[in-house]
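Residues per chain are reported as follows:
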Amino acid sequence: LPQTEHIHFDIDSAHQGKEGLEMVQKAAEAGRPYAMAFIDVRMPPGWDGVETITRIWKLYPDLQVVICTAYSDYSWAEMIQQLGKTDSLVILKKPFDNIEVLQLAHALTEKWLLSHQVKNRLNDLDQAVSQRTTELQSANEQLKKEIAERMQTEKALRLSEERFSKAFKASPMPLAIQSLRQETFVDANLGFQQLTGFSHAELIGRTPQALNICGDPAEDTTVFEKLHQQMSVRSLPRRFRTKSGQLRDILMSVELFELDGEPLLLTIAQDITEQTTLDHQLRPAQKM
């Protein structure tokens, strides 16, 4: 024969409704709440069973209740009217036997236990969701802050680029920008166009070698060697050949900078042709 499962219940008794409510409160405060209660409809003196259930459920709605009643007591409709529709209430008609009581106790305590497990699981999920929501809100706030800072940085960068562009174009000094990798001209101001004799469209996308601007191509190697050593070149004497073939003496300065991740060269060409010519003319007079 299969072994019968023995179930153990801790049972407490109260003689009237108020005492029962106090016992339910103390058990809950002690962390050992009652799972179910058998409540008789007739409990003189004081509250009857229906009023007792109403008061208990206001504070502890999870308590499973078996209300014990005779046919002459409240009807089902009357009890539902006072207690409301609920799945935590079972009516046990008198007389009853111990097997019925044991089955109800077992079923309702299991139901209460499963209900609390589900409730605890839902609470855990709520906490996890709440924590994740807090983390996402924090990440969102950080992202907003980073976006605002980036927008501010980009705005400042645009303003800086606008100022540079305006100064570049308005400068009377011949200025040109080259790509460090391709050595092609990216931009050139009016002063540089006038110095070389080439238009903006003729300069952009082409190298100085292709335009035959360099008076001595070997000097380009010297410029790049100095750039590798000190990242800039200052007042280097050179000769430029204009579009018409005329040679101009210049002092060339080159600065290496970066724009949108692209390494560029800013070339400043100071035309000293007239000064050089005058110097050559003055030298014989100084000797005389």
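Residues numbered from 1 in each chain as written. Predicted model: local features only at pLDDT ≥ 70, side-chain atom pairs only at ≥ 80, totals over all residues. Heavy atoms only, no water.

Asker: Just checking my understanding: could you explain the confidence of the model for the protein chain for this structure?
Answerer: Close inspection of predicted coordinates is inappropriate in any region flagged by low pLDDT. Looking at the protein chain, pLDDT values average 85 and 92% of them are 70 or higher. Here helix α8 (residues 218-230) is the element of the protein chain with the lowest mean pLDDT, 71, and helix α6 (residues 200-203) is the one with the highest, 95. (pLDDT = per-residue confidence, 0-100. Helix = DSSP H or I, 4+ residues; strand = E, 2+ residues; numbered from the N terminus.)

Asker: Just checking my understanding: could you explain the environment of Val186 for this structure?
Answerer: Looking at where Val186 falls in the secondary structure, it is placed in strand β5 (residues 185-188). Val186 sits 14 residues away from His200 along the chain, and the two C-alpha atoms are 9.7 Å apart. Among residues more than four places away in sequence, those in contact with Val186 are Ile177, Gln178, Ser179, Ile204 and Leu264. (Contact = heavy atoms within 4.5 Å.)

Asker: Would you take a moment to explain the environment of Ser88 for this structure?
Answerer: Checked against the element boundaries, Ser88 lands in the loop between α3 (76-83) and β3 (89-93). Among residues more than four places away in sequence, those in contact with Ser88 are Trp57, Pro61, Leu63, Gln64, Val65 and Lys111. Engagement of the side chain of Ser88 in a polar contact is seen with the side chain of Gln64, the distance being 3.5 Å. (Polar contact = N/O pair within 3.5 Å; in protein donor to acceptor, adjacent residues only side chain to side chain.)

Asker: What am I meant to see in the sheet that holds strand β1 (residues 36-40) here?
Answerer: Two pairing modes exist for strands in a sheet, parallel and antiparallel, and in both the strands are linked by backbone hydrogen bonds. Strands sit in the order β1-β2-β3 across an open sheet of three strands; the sheet is parallel. The two strands at the open ends of the sheet, each matched to only one other strand, are β1 and β3. Each adjacent strand pair in this sheet contributes to an overall mean axis angle of 25°, direction not counted. Of the strands in this sheet, β1, β2 (64-69) and β3 touch helix α2 (residues 49-59), which is tilted by about 150° from β1. Running at roughly 135° to β1, helix α4 (residues 98-170) makes contact with β1, β2 and β3 of the sheet. (Pairing = 2+ DSSP bridges. Axes fitted to C-alpha atoms, helices over the stretch in contact; angles between N-to-C directions.)

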